[in-house]
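Inside the fold
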Amino acid sequence: MSDIRQDETWDAETAAQYDTPGTGMFAPEVLDPTVERLAELAAGGPALEFAVGTGRVAVPLAGRGVPVTGIELSEPMIERLRTKVDEATIPVVVGDMATATASGEYALVYLVFNTISNLLTQAEQVACFRNAARHLAPGGRFVIELWVPELRALPPGREATVWLTQPGYIGLDTYDLLRQHVVSHHFRFDGSRQASLFRSPHRYVWPAELDLMGQLAGFELESRHADWVGAEFTAESRSHVSVYRLPG
């Protein structure tokens, strides 16, 4: 992964192609439950989104009356967000979610769609938990949506899994098991001989490791479900929504 940098991954080209209104992660059946649950957890208080991106979640959440502030490393992603709402509606601090500081105190900090895995070391991920704790009022919540590593799909000697195939698209992950690193490869193609490739590096985290990070930052695990509507989390779940809470 040494040749893939986060500031190069989330560049202007990626920002321009990131939004897919009505489909994928922007589909109503994906986005609406996310916003509904976050609004419920904010309980009328302000929210801070780490890695706010183009505002996929922040914009509709603010539309629900929740005051939202963002932290975002990629300026092209922020520029895309600014085509939707102004700075007064969703203020954004430019910086790393593990270290950047937003003014004020929040009832909710959240990280959606596997974004904590964009931090490529355990130390950075622990720092992210501690940064969330610094921003929260007593009793505040930190919410993380994260995938479960699919290592059971890796037979001995194989280093990659194909996790989605559909017309015009193939998604596969390559794993470095010693470092808990994975690179997601997104191949898009049409009827021509040309294909485009987008790659993003990640550090995968098991739920138990995530819980320990929470403990180090002073959190308690309040709940864990398989999705935003509250499905039971089981050994077969491919992702989870985990809610951590500071003591009140």
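To be clear, the structure that these remarks concern was listed above.
Residues numbered from 1 in each chain as written. Predicted model: local features only at pLDDT ≥ 70, side-chain atom pairs only at ≥ 80, totals over all residues. Heavy atoms only, no water.

**Looking at the pairing of strand S9 (residues 195-203)**
As judged from the nine bridges shared by strand S8 (residues 181-189) and S9, these two strands associate in the antiparallel manner. Note that in S9 the partner of Val182 across the bridge is His202. Two successive antiparallel strands, S8 and S9, enclose a turn made up of five residues. (Pairing = 2+ DSSP bridges. Helix = DSSP H or I, 4+ residues; strand = E, 2+ residues; numbered from the N terminus.)

**Observations regarding the sheet that holds strand S11 (residues 239-245)**
With respect to topology, seven strands assemble into an open sheet ordered S3-S2-S1-S4-S5-S11-S10, the strand pairing being mixed. The sheet is open, and its two edges are formed by strand S3 (92-94) and strand S10 (220-225), each paired on a single side. Averaged over all pairs of adjacent strands, the angle between their axes in this sheet comes to 20°, without regard to strand direction. Bridge analysis of strand S1 (residues 47-50) against strand S4 (residues 106-111) gives three bridges, and the strand direction is parallel. Its bridge partner being in S4, Glu49 is matched across the sheet by Tyr110. Strand contacts of helix H3 (residues 28-42): S4, strand S5 (136-147), S10 and S11, with the helix running at about 150° to S4, the strand carrying the most contacts. Across the face of the sheet, helix H7 (residues 207-216) comes into contact with S5, S10 and S11 while running at roughly 15° to S11. (Axes fitted to C-alpha atoms, helices over the stretch in contact; angles between N-to-C directions. Contact = heavy atoms within 4.5 Å.)

**A closer look at the pattern of salt bridges**
Oppositely charged side chains are able to pair whenever their charged atoms sit close together. Scanning the entire structure with this criterion turns up twelve salt bridges. The partner of Lys84 in a salt bridge is Asp19, with the nearest N and O atoms 2.5 Å apart. One end of the pair, Lys84, is in the loop between helix H5 (75-82) and S3; the other, Asp19, is in the loop between helix H2 (12-18) and H3, with 65 residues separating them in the sequence. We classify Lys84 as partly exposed; its relative accessible area is 35%. Using a relative accessible area of 12% as the deciding quantity, one classes Asp19 as buried. The closest approach of N and O atoms between Arg141 and Glu222, which form a salt bridge, is 2.7 Å. Taken as a pair, Arg141 in strand S5 and Glu222 in strand S10 lie far apart in primary sequence, 81 residues in all. On the accessibility criterion, Arg141 (16% relative accessible area) is buried. (Salt bridge = Lys/Arg side-chain N within 4 Å of Asp/Glu carboxyl O. Buried < 20%, exposed > 50% of the residue type's maximum accessible area, 1.4 Å probe, protein only.)

**Remarks on the packing of aromatic side chains**
This model, assessed by the stated rule, comprises twelve aromatic pairs. Both rings, one in Phe129 and one in Tyr244, keep their centres 5.4 Å apart while their planes meet at 80°; by these two values the pair is edge-to-face. Residue Phe129 is located in helix H6 (residues 122-135), and its partner Tyr244 is located in strand S11; the two are separated by 115 residues in the primary sequence. Like Tyr244, Phe129 is buried. Aromatic pair Tyr175 and Tyr204: ring centres 5.7 Å apart, planes at 65°, arrangement edge-to-face. With Tyr175 in strand S7 (residues 169-176) and Tyr204 in the loop between S9 and H7, this residue pair connects regions lying 29 residues apart in the sequence. Neither Tyr175 nor Tyr204 differs from the other in exposure class; each is buried. An aromatic cluster is built from Phe50, Phe129, Phe142, Phe219 and Tyr244, whose rings are joined through pairwise contacts. Over the ring of Phe233 we find Arg224, and its NZ or CZ is 6.0 Å from the ring centre. (Phe/Tyr/Trp six-rings, centres within 6.5 Å; stacked < 30°, edge-to-face > 60°. Lys NZ or Arg CZ within 6 Å of the ring centre and 35° of its normal.)

**A short note on the layout of surface pockets**
Put simply, the second largest pocket is a space of about 250 Å³. Lining the second largest pocket are 14 residues, with Val148, Pro149, Arg152, Ala235 and Ser237 sitting closest to its centre. Taken together, the residues that form the lining of the second largest pocket break down as eight nonpolar, two polar and four charged. (1 Å grid on protein atoms, 1.4 Å probe; cavity = no way out; pocket = protein on both sides within 12 Å on 5 of 7 lines; lining within 4 Å. Points joined across faces, edges and corners; volume = space filled by probe spheres on them. Nonpolar A, V, L, I, M, F, W, Y, C, P; charged D, E, K, R; others polar.)

**Digging into the packing of H6 against H7**
Here H6 crosses H7 at 50°, and the two axes come no closer than 8 Å. With respect to their mutual orientation, H6 and H7 come out oblique. Considering the relative orientation of H6 and H7, their crossing is right-handed. Where H6 abuts H7, its residues Gln122, Gln125, Val126, Phe129 and Arg130 lie against Glu209, Leu210, Met213, Gly214 and Leu216. Classifying every residue of the contact of H6 with H7 gives five nonpolar, three polar and two charged. (Parallel < 35°, antiparallel > 145°, perpendicular 65-115°, else oblique. Left-handed = near helix turned anticlockwise from the far one by under 90°.)

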